[in-house]
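Breakdown of the fold
Below, each chain spelled out in residue letters.
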2 protein chains.
Amino acid sequence: MSHPSDIEIARNAHKKPIAEVAARLGLRPDQVLPYGHDKAKLGAGALAARRAGGGQRGRLILVTAINPTPAGEGKTTTTVGLGDGLNAIGKNAAICLREPSLGPCFGMKGGATGGGRAQVVPMDAINLHFTGDFHAISAAHNLLAAMIDNHLHWGNALDLDPRRITWRRVLDMNDRSLRQVATGLGGAANGFVRETGFDITVASEVMAILCLAEDLDDLERRLGAIIVGYRRDQSPVFARDLKADGAMAALLKEAMQPNLVQTIENNPALVHGGPFANIAHGCNSVIATKAALSMADYVVTEAGFGADLGAEKFLNIKCRQAGLAPDAVVLVASIRALKMNGGVAKGDLGVENVAAVEAGCANLGRHMENIAKFGLPVVVGLNRFATDTDAEADAVIAYCEARGVPAFLNTHWAEGSAGIRAMAEHVAALADQGAANFTPLYADDLGLQAKIERVAREIYRADGVALAPRVARQLADWEAQGHGRLPVCIAKTQYSFSADPGRLGAPTGHTLPVREVRLAAGAGFVVALAGDIMTMPGLPRQPAAEAITLTDAGEIDGLF
Amino acid sequence: MSHPSDIEIARNAHKKPIAEVAARLGLRPDQVLPYGHDKAKLGAGALAARRAGGGQRGRLILVTAINPTPAGEGKTTTTVGLGDGLNAIGKNAAICLREPSLGPCFGMKGGATGGGRAQVVPMDAINLHFTGDFHAISAAHNLLAAMIDNHLHWGNALDLDPRRITWRRVLDMNDRSLRQVATGLGGAANGFVRETGFDITVASEVMAILCLAEDLDDLERRLGAIIVGYRRDQSPVFARDLKADGAMAALLKEAMQPNLVQTIENNPALVHGGPFANIAHGCNSVIATKAALSMADYVVTEAGFGADLGAEKFLNIKCRQAGLAPDAVVLVASIRALKMNGGVAKGDLGVENVAAVEAGCANLGRHMENIAKFGLPVVVGLNRFATDTDAEADAVIAYCEARGVPAFLNTHWAEGSAGIRAMAEHVAALADQGAANFTPLYADDLGLQAKIERVAREIYRADGVALAPRVARQLADWEAQGHGRLPVCIAKTQYSFSADPGRLGAPTGHTLPVREVRLAAGAGFVVALAGDIMTMPGLPRQPAAEAITLTDAGEIDGLF
């Protein structure tokens, strides 16, 4: 069975003019800013009208997943498919996705626009520069960095300790050589020598800020609150002390406007923001989610990685800060991924193994329980692959039904909305029922350390937390400085409930080791680093870039 | 007398929808890609139609200037004003400008969209991200850099000498700390340690390539021909050896499409490409100039810095490569700048000083002679400032008339097209006359060293060239390798005909010292570095960024 590639399907999509897609959301042509004929940004006027109009009208549906494996789960594909499915059954639904990062397109991860017949288009443009949001974030981030070193160069009136500058630079590129660099070499005219490094743009606090800010005022306030480093007496120096916040906000003005594109089935999708789900919160922007909720009856969105990382942060950080509450949650799994969670190696996935599927369901089950702890109703969406057998699928459905959770076998990848109608009907009804009673996992006034412990015990099922010696002291200092009410953003491997990427399934008997904490005062959370975190990826031996090319017709080929 | 600021004038401009501006050039709505309602790119279809249609129909008018001084000359302002003036007298004229660099907007240079009533709009958007072209160039440049270090990391099959890697990285930012850096610190996982640096994006060879490429095929071929470094045996390693050219071209696909905006008087302007006029050739893109020439009867364009750098490169590099030939040249001067060339300090510019003006005219006169050496007719455009006196203006006009060159006193800065009609009438007639008989200053088959000498003697009026010892050897090697037919791109201070920025006016008795040469094999020229060249600016003590902010209405303020 030979399928066309994702980029072929995307290229052959019958796209509607973006003004027609905007009209589906009730937007007039003057309320959107076109970027070509198939992309647009919501104009400032449209956003102001939304706020003036009183906000939410739609139901919010979160799509999350089991722990990811190399087998593939299909979270984005299911998000797009469910949006198309809801529209296919006559609902007015919009989709909210994150923007893909440019760097991984040239490495090995590929893009992030869905797949098969459940994609947003134009696939190539969205995966590359799109409307320039990430470039604007890089520029704003690096302007602040340049102003820091410039401040040192001209006399350091703020008395910043050059050894304690925490603000690094960013590039939207996989470039391991930039992880750790020495800058300012070459003599006095080039400033002071110091050690620093580059992260990938999606790891920037500016990215997290853009995704959490309610409007331009909130954006500028948060940018000003960024801590760039510390003085000798450990007191923080803020971006506003360098007077960088205004210019950074000016650079981000257009990037703050959500992007509108369409699915292959011509349904509206807002694709906006894309922070890492490990060191940041991994969700699309608050401004896009709220705009969508004001214009559609159902809004389907996703959160990064598995539910232990993505959904937890979506609920404890994004929903808490923005006052959002989901009406239903879809937990995505694939039989292949459950098998790997049940102990099967990737090379053996083609062989039927019902016992392994059943064993892997422990991972699924724990995520189901976790979502229930937030007071939210859950549905399981099984993303069907060609190699799955009926016996394997039946085993998962039986597992879910035994726990009172409906499970659906979806074929939207191959069939588009026709392959996910049953789940769409169920999810719409579930969201309408009012069964959700959302409560974050912890209150604002719980201590920072206690918040980390709460997530570790309740979500990861750890026996406890092991803090590096200075971490507890650091958390106590921040509480004394007034940052104690912030939520925590735990940076942990996405492959396991534990901090050990090799422990699949539903591990127990583990402890969460926290080696370092970072204060993202502008984004409004405290990052707790558990294990190794990669904030700048590298390219593989054979980068995907080598195969990317322009066809004779000027089309981009080789993206996946 | 209080004038509104440039950004206030720009903000209050009565912009027409960009589709109406496009219609002025005969473009249908489907032939342009809108970026918002006031910017667009020419679509691939429009560019193909232009090529199929046989190309040039319009007259090409080059605007250049005397050597720049801190007093201001007004080259961009005159380019925009002349375009508006030609339209005001009933001609169908288009303007071709370079895109401003983001970095200097936050330093002290400000933007580059003209000034007063001779501006292109939207001023803030053009000066900041515009349509993302420079970001795309940065990404393509840095992808190649990442692929080079990645190649070393995975075994260096091409046997590249890590000490002889010439390809650096770029950021569109003024950041002196990045001029010289050590990368790959932190252990084996981060690659090999080596010394390298960052240039500002406008200094990238990718920028020069984008501006000289005829189409996407030519772009990809040129990108592949970039030399990234050398082996131990001195043989070059090309970007195509790393298989980076396809992905780089894919990143640049949209950036290759010229941008369309409008003047305050609603006339069409293509703003596309912006290479440095010192280490690169400093002109807008060939693709934009040719597109404009196919759609308008008169095309007004500018070249960077004074005529010794900008016009020389426009004529010897851009026109040579692209097969273009100007029909007339406008040489811009201001009385203030002539006074500084005549020995007056900036603080004394407000005092009438006819003798100094007359002395400074030596600079103007030499540029007039130089332009004649290319077989081109020249007109002097004096950009009137409020402090100029009539006696000073009369002195300049008399100087020009004595040499048979018409000179016009223009007030487009204050009055728009009404202030430049007389010069517009004259230039249109001059261009129509067929008086131009363009010949480059040297033939392709002159040796590389002889080409440098020809420019030094004929244009700079140097007594000769002093080559550093290895330079002559290097040039001979390149000739042996087949690069001898390339034109030369001399990197020299813009403030003087000589390599000494302090020698204003029309210095004689100097020698051009060439300390280093670089082969830009993709762009297609050999760079000869004479004196210190800054490829990464720094921010001043008080960066302009500190004053940039968003107003309550969400408008950008503080740009200049």
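Note that residues are indexed from 1 along each chain, following the sequence as it is written. Here chains are named by letter from A upward and ligands by number from 1 upward, in the order in which they appear as written. Reporting of local features is limited, given that this is a predicted model, to residues whose pLDDT is at least 70; pairs of side-chain atoms are given and counted only at 80 or more, and all residues count toward the totals for whole chains, interfaces and linings. Excluded from the side-chain calculations are hydrogens and water; all other atoms, namely the structure's heavy atoms, are used.

Under an unreviewed UniProt entry, chain A has the name Formate--tetrahydrofolate ligase and belongs to Rhodothalassium salexigens DSM 2132. UniProt, in the comment section headed Pathway (unreviewed entry), describes chain A in these words: "One-carbon metabolism; tetrahydrofolate interconversion." As its UniProt record puts it under Catalytic activity (unreviewed entry), chain A is described as follows: "(6S)-5,6,7,8-tetrahydrofolate + formate + ATP = (6R)-10-formyltetrahydrofolate + ADP + phosphate". UniProt positions are given in the numbering used here, feature names are shortened, and annotations may be inferred rather than shown by experiment.

1. With respect to the sheet that holds strand β23 (residues 516-520) of chain A
Two orientations exist for strands paired in a sheet by backbone hydrogen bonds: parallel and antiparallel. All names here are of chain A. Any two strands with at least two DSSP-identified bridges between them are counted as paired. Think of it this way: any DSSP run of H or I at least four residues long counts as a helix, any run of E at least two long counts as a strand, and we number them from the N terminus. Read from one edge of the open sheet, 3 strands run β21-β24-β23, paired in mixed fashion. Where the open sheet ends on each side, the last strands, each with one partner, are β21 (488-491) and β23. Ignoring which end each strand starts from, the neighbouring axes of this sheet average 20 degrees apart. Bridge count between β23 and strand β24 (residues 525-529): 5 bridges; the pairing is antiparallel. Opposite R518, over in β24, you have V527 as the bridge partner. Interaxial angle, 0 to 180 degrees, is taken between N-to-C directions of lines fitted to C-alpha atoms, where a helix line uses only the stretch in contact.

2. Notes on the UniProt feature "binding site: ATP" (unreviewed entry) in chain A
All names here are of chain A. Per the UniProt record, "binding site: ATP" (unreviewed entry) is annotated on T69, P70, A71, G72, E73, G74, K75 and T76. Among the structural elements, P70 can be located in the loop between β3 (59-65) and α4 (75-88). For each residue, the accessible area found with a 1.4 Å probe, counting protein chains only, is set against the maximum for its type, and the residue is called buried under 20%, exposed over 50%, and partly exposed in between. Look at P70 and you get exposed, because its relative accessible area is 53%. Residues are treated as being in contact if the distance between any of their heavy atoms lies within 4.5 Å. Non-local contacts of P70, meaning those with residues more than four positions away in its chain, are made with M340 and K346. Along the chain, T76 falls in helix α4. Beyond its immediate stretch of four places on either side in the chain, T76 contacts L97, A112, T113, G114 and E302.

3. Let's talk about the domain arrangement of chain A
All names here are of chain A. Per the domain assignment, the segments of chain A are domain 1 (6-131 + 255-433), domain 2 (135-249) and domain 3 (448-530). Segment limits for the domains were obtained from an automatic or database-derived domain assignment. The C-alpha centroid of domain 2 is placed 33 Å from the C-alpha centroid of domain 1. Contacts between domain 1 and domain 2 engage 27 residues on the former and 19 residues on the latter. Once two parts are joined, some of their accessible surface, as seen by a 1.4 Å probe, is lost; buried area is that loss totalled over both. Interface area lost by domain 1 to domain 2 is led by M256, F276 and Q321, which between them contribute 27%. Salt bridge, as used here, is a side-chain nitrogen of Lys or Arg placed within 4 Å of a carboxyl oxygen of Asp or Glu. One can count 1 salt bridge joining domain 1 with domain 2. The shortest N-O distance in the salt bridge between K290 and E214 comes to 3.0 Å. Two N or O atoms form a polar contact when they lie within 3.5 Å of each other; inside protein one atom must be a possible hydrogen donor and the other a possible acceptor, and for residues adjacent in sequence the pair counts only when both atoms belong to side chains. Counting across the interface, domain 1 meets domain 2 through 7 residue pairs in polar contact (both at pLDDT 80 or more). Every element with two or more residues in the side of domain 1 that touches domain 2 is listed here: α5 (102-105), α11 (286-295) and α12 (310-322). Here the side of domain 1 that touches domain 2 gets 4 residues from one element, more than from any other, and that element is α12.

4. Digging into the pairing of strand β6 (residues 118-121) of chain B
Side-chain alternation along β6(B) places B:A118 and B:V120 on one buried face and B:Q119 and B:V121 on a second face that is also buried. Hairpin connection between strand β5 (residues 114-115) of chain B and β6(B): a loop of 2 residues separates the two successive antiparallel strands, and B:G116 in this loop has a positive phi of roughly 60 degrees.

5. What about the environment of A:C96?
All names here are of chain A. By the secondary structure assignment, C96 is in strand β4 (residues 93-97). The class for C96 is buried, based on a relative accessible area of 0%. A sequence separation of 242 residues divides C96 from L338, and the C-alpha atoms of the two residues are 26 Å apart. Sequence-distant contacts of C96, defined by excluding residues within four places in its chain, comprise L270, N284, A288, T289, A292, V299, V300, T301 and E302.

6. A few points about the relation of the copies chain A and chain B
Of the transformation superimposing chain A on chain B, the axial component is 0.0 Å and the angular component is 180 degrees, with the fit at an RMSD of 0.0 Å. This pairing of chains is accounted for by a two-fold axis. Identified as the residue of chain A closest to the rotation axis by C-alpha distance is A:Y35, at 2.2 Å. Of the interface residues in chain A, 100% have counterparts in chain B that sit at the interface too, so the contact is made through matching surfaces. For this overlay, a least-squares fit was computed on C-alpha atoms, restricted to residues scoring pLDDT of at least 70 in both copies.

7. Some words on α11(A)
Counting buried positions along α11(A) yields 10 of 10 residues, so the element is predominantly enclosed. Of all the residues in α11(A), the buried ones are A:V286, A:I287, A:A288, A:T289, A:K290, A:A291, A:A292, A:L293, A:S294 and A:M295.

8. Comments concerning the interface of chain A and chain B
Between chain A and chain B, the residue contacts involve 69 residues of the former and 70 residues of the latter. Summed over both partners, the interface of chain A with chain B buries about 5900 Å², with 62% contributed by carbon and sulfur atoms. Taken as a group, A:W154, A:R176 and A:L550 account for 10% of the area that chain A buries against chain B, more than any other trio of residues on that side. One can count 2 salt bridges joining chain A with chain B. B:D175 serves as the salt-bridge partner of A:R169, at 2.9 Å between the closest nitrogen and oxygen. Run the count over chain A and chain B and you get 31 residue pairs in polar contact (both at pLDDT 80 or more). For the side of chain A that touches chain B, the element with the most residues is helix α7 (residues 133-153) of chain A, which contributes 10 residues. Across the side of chain A that touches chain B, the residue classes break down as 36 nonpolar, 18 polar and 15 charged. Classes in brief: Ala, Val, Leu, Ile, Met, Phe, Trp, Tyr, Cys and Pro nonpolar; Asp, Glu, Lys and Arg charged; the others, Gly included, polar.

9. Overview of the side chain of A:R336
All names here are of chain A. Secondary-structure assignment places R336 in helix α13 (residues 335-341). Despite its burial, R336 remains without a salt bridge, the nearest opposite charge being carried by D388 at 5.9 Å. Among all residues touching R336, those that are not within four sequence positions of it are A71, L349, F385, T387 and D388. A residue counts as positive if it is Lys or Arg and as negative if it is Asp or Glu; His and the chain ends are not included.

10. Observations regarding the pattern of salt bridges
Taken as a whole and assessed by the stated rule, the structure comprises 51 salt bridges over all chains. With its nearest N and O atoms 3.2 Å apart, the salt bridge here joins A:K373 to A:E458. You can see A:K373 sitting in helix α14 (residues 354-373) and its partner A:E458 sitting in helix α18 (residues 448-458), a full 85 residues away along the chain. Judged by relative accessible area, which is 30%, A:E458 ranks as partly exposed. A cluster of three or more residues bridged by salt bridges with shared partners is formed by A:D149, A:R169, A:R194 and B:D175.

11. A short note on the sheet that holds strand β12 (residues 227-231) of chain B
Residues and elements named next belong to chain B. One open sheet holds the 3 strands; their spatial order is β7-β12-β13, and the pairing between them is antiparallel. One side of each edge strand has no neighbouring strand; the edge strands of this open sheet are β7 (160-165) and β13 (236-238). Each strand axis lies, on average, 50 degrees off the axis of its neighbour in the sheet, ignoring direction. Pairing of β12 with β13 involves 3 bridges; the strand directions are antiparallel. Within β13, the position partnered with Y230 by the bridge is P236. Across the sheet, helix α7 (residues 133-153) touches β7 and β12, and the angle it forms with β7 is around 130 degrees.

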